[in-house]
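Here are the chains, one letter per residue:
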Amino acid sequence: MTGSTSAIGYHGTSKSAVDSILDYNLIQSDNPYDWLGIGFYFFQDAPVRAKIWAVERKTEPAVIGAVISLENCIDLLDIDWWDTLTKSHDFIKRKFEREHKPMPTQMGGRHNLDKTVLDYVVDKLENQGIHYNSIRAIFREGDSPYPGSDFRNLDHVQIAVRSKDAILKIWEHLP
């Protein structure tokens, strides 16, 4: 995506990390299960979801808000990326088969396969001189409100910021 669109994101964290984050010391997550690959993760337009995440994981929970540029974003809300994802997955699958290694899998909340595919896409583009600052996608999570529903109580859009340049403004979000 090119252009000057932006989004508001919220990051759940600990009170002790707030000052460092406000100084743009953003430590990117790089766990094998980080579904959008390497990045500093935000819940788009969802301060309550960020707070819930922080309360579940941090002793002194806090929430950071940010204006995030979506310029140079791999925006998986746009169908334009599906062919790239499919071809990248197929390439990775063949590579793992040639090396007689098991493919990364999705298990519960661990999205090892998605991370592998997206990190490959970003690396391949970087090698071609094409830089992306972020990745955005819908994350399906939680329980349905009634049988047969496709809604989930914890569904949200996540943005993984890969470059500090994508953060236009940052603040502590107070409830």
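Above this text you will find the structure in question.
Numbers given to residues run from 1 along each chain, matching the order in which its sequence is written. Totals for whole chains, interfaces and linings use every residue, but because this is a predicted model, local features are given only for residues with pLDDT of at least 70 and side-chain atom pairs only at 80 or more, for both listing and counting. As a rule here, side-chain values cover all heavy atoms of the structure and leave hydrogens and water aside.

Things to note about the packing of aromatic side chains
Aromatic rings from Phe, Tyr and Trp, taking only the six-membered ring of Trp, are treated as a pair when their centres fall within 6.5 Å; an angle between ring planes under 30 degrees marks them as stacked, one over 60 as edge-to-face, and anything in between as tilted. Taken as a whole and assessed by the stated rule, the structure comprises four aromatic pairs. Over a ring means this: the NZ of a Lys or the CZ of an Arg is within 6 Å of the ring centre and within 35 degrees of the ring normal. The ring centre of Phe96 lies 5.8 Å from the NZ or CZ of Lys95, which sits over that ring.

Observations regarding the sheet that holds strand β3 (residues 61-69)
In a beta sheet, neighbouring strands are held together by backbone hydrogen bonds and run either parallel or antiparallel to one another. Strand order in this open sheet of seven strands is β4-β7-β8-β2-β1-β3-β9, and the pairing throughout is mixed. Each edge of the open sheet carries a strand with a single partner, namely β4 (73-75) and β9 (167-173). On average, adjacent strands in this sheet sit at an angle of 30 degrees to one another, irrespective of strand direction. Strand pairing requires that DSSP identify at least two bridges connecting the strands. What counts as a helix is a DSSP run of H or I of at least four residues, what counts as a strand is a run of E of at least two, and both are numbered from the N terminus. Every axis in this analysis is a line fitted to C-alpha atoms, fitted for helices over the stretch in contact. Angles between the N-to-C directions lie between 0 and 180 degrees.

Considering the pattern of salt bridges
Any carboxyl oxygen of Asp or Glu within 4 Å of a side-chain nitrogen of Lys or Arg constitutes a salt bridge here. For the structure on display, the rule yields eleven salt bridges. Between Arg162 and Asp119 there is a salt bridge; the shortest N-O distance is 3.5 Å. Note that Arg162 is positioned in the loop between β8 (156-161) and β9 and Asp119 in helix α4 (residues 112-127), a separation of 43 residues in sequence. Arg162 sits in the buried class, given a relative accessible area of 17%. Buried means the residue's accessible area, taken with a 1.4 Å probe over protein chains only, is under 20% of the maximum for its type, while exposed means over 50%, and partly exposed covers the values in between. Given the relative accessible area of 13%, Asp119 is considered buried. Arg140 is the partner of Asp155 in a salt bridge, and the nearest nitrogen-oxygen pair spans 3.6 Å.

Here we look at the packing of helix α3 (residues 82-98) against α4
Contact geometry for α3 and α4: axes closest at 9 Å, N-to-C directions at 105 degrees. In this view, α3 runs roughly perpendicular relative to α4, as classed from their interaxial angle. Facing Thr84, Leu85, Ser88, His89, Phe91 and Ile92 of α3, the residues of α4 in contact are Leu113, Thr116, Val117, Leu118, Tyr120 and Val121. Three classes are used: nonpolar for Ala, Val, Leu, Ile, Met, Phe, Trp, Tyr, Cys and Pro, charged for Asp, Glu, Lys and Arg, and polar for all others, with Gly counted as polar. Looking at the contact of α3 with α4 residue by residue, the classes come out as eight nonpolar, four polar and no charged. Roughly parallel refers to an angle under 35 degrees, roughly antiparallel to one over 145, roughly perpendicular to one between 65 and 115, and oblique to any angle outside these ranges. Any two residues whose heavy atoms approach within 4.5 Å at even a single point are treated as in contact.

Structural notes on α3
Residues that lie three or four places apart on an α-helix share one face, since the helix turns once every 3.6 residues. Taking 1.5 Å of rise per residue, 17 residues should cover 24 Å, and α3 covers 24 Å from first to last C-alpha, within 8% of that figure. Looking at α3, one finds that the buried residues are Leu85, Ser88, Ile92 and Phe96. What you see down the axis of α3 is that its buried residues fit within an arc of 70 degrees, all on one side. Across from the buried face of α3, at angles greater than 90 degrees, the exposed residues are Lys87 and Arg98. Next to the buried residues of α3 lie α4. Downstream of α3 by a residue or two, His100 has a phi angle that is positive, lying close to 55 degrees. A helix is expected to span 1.5 Å for every residue after the first. This arc is taken over the directions from the axis of the helix to the C-beta atoms.

A closer look at the environment of Leu77
Among the secondary structure elements, Leu77 is positioned in the loop between β4 and α3. For the pair Leu77 and Ile135, spaced 58 residues apart in the sequence, the C-alpha separation amounts to 9.8 Å.

Quick word on the layout of surface pockets
Definitions used for this entry: grid spacing 1 Å over protein atoms alone; cavity, a set of points where a 1.4 Å probe fits but cannot get out; pocket, an open set with protein on both sides within 12 Å along at least 5 of 7 lines; lining residue, one with an atom within 4 Å of a point. Grid points are joined across faces, edges and corners, and a volume is the space filled by probe spheres set on the points. Empty space within the largest pocket amounts to approximately 800 Å³. Around the largest pocket sit 30 residues that line it, and Ser29, Asp34, Tyr41, Trp53 and Arg57 are the ones nearest its centre. At the level of secondary structure, the elements contributing two or more residues to the lining of the largest pocket comprise β1 (6-14), α1 (18-22), β2 (40-44), α2 (47-57), β6 (110-111) and β8. A per-element tally of the lining of the largest pocket places β1 first, with four residues. Counted by class, the lining of the largest pocket contains eleven nonpolar, 13 polar and six charged residues.

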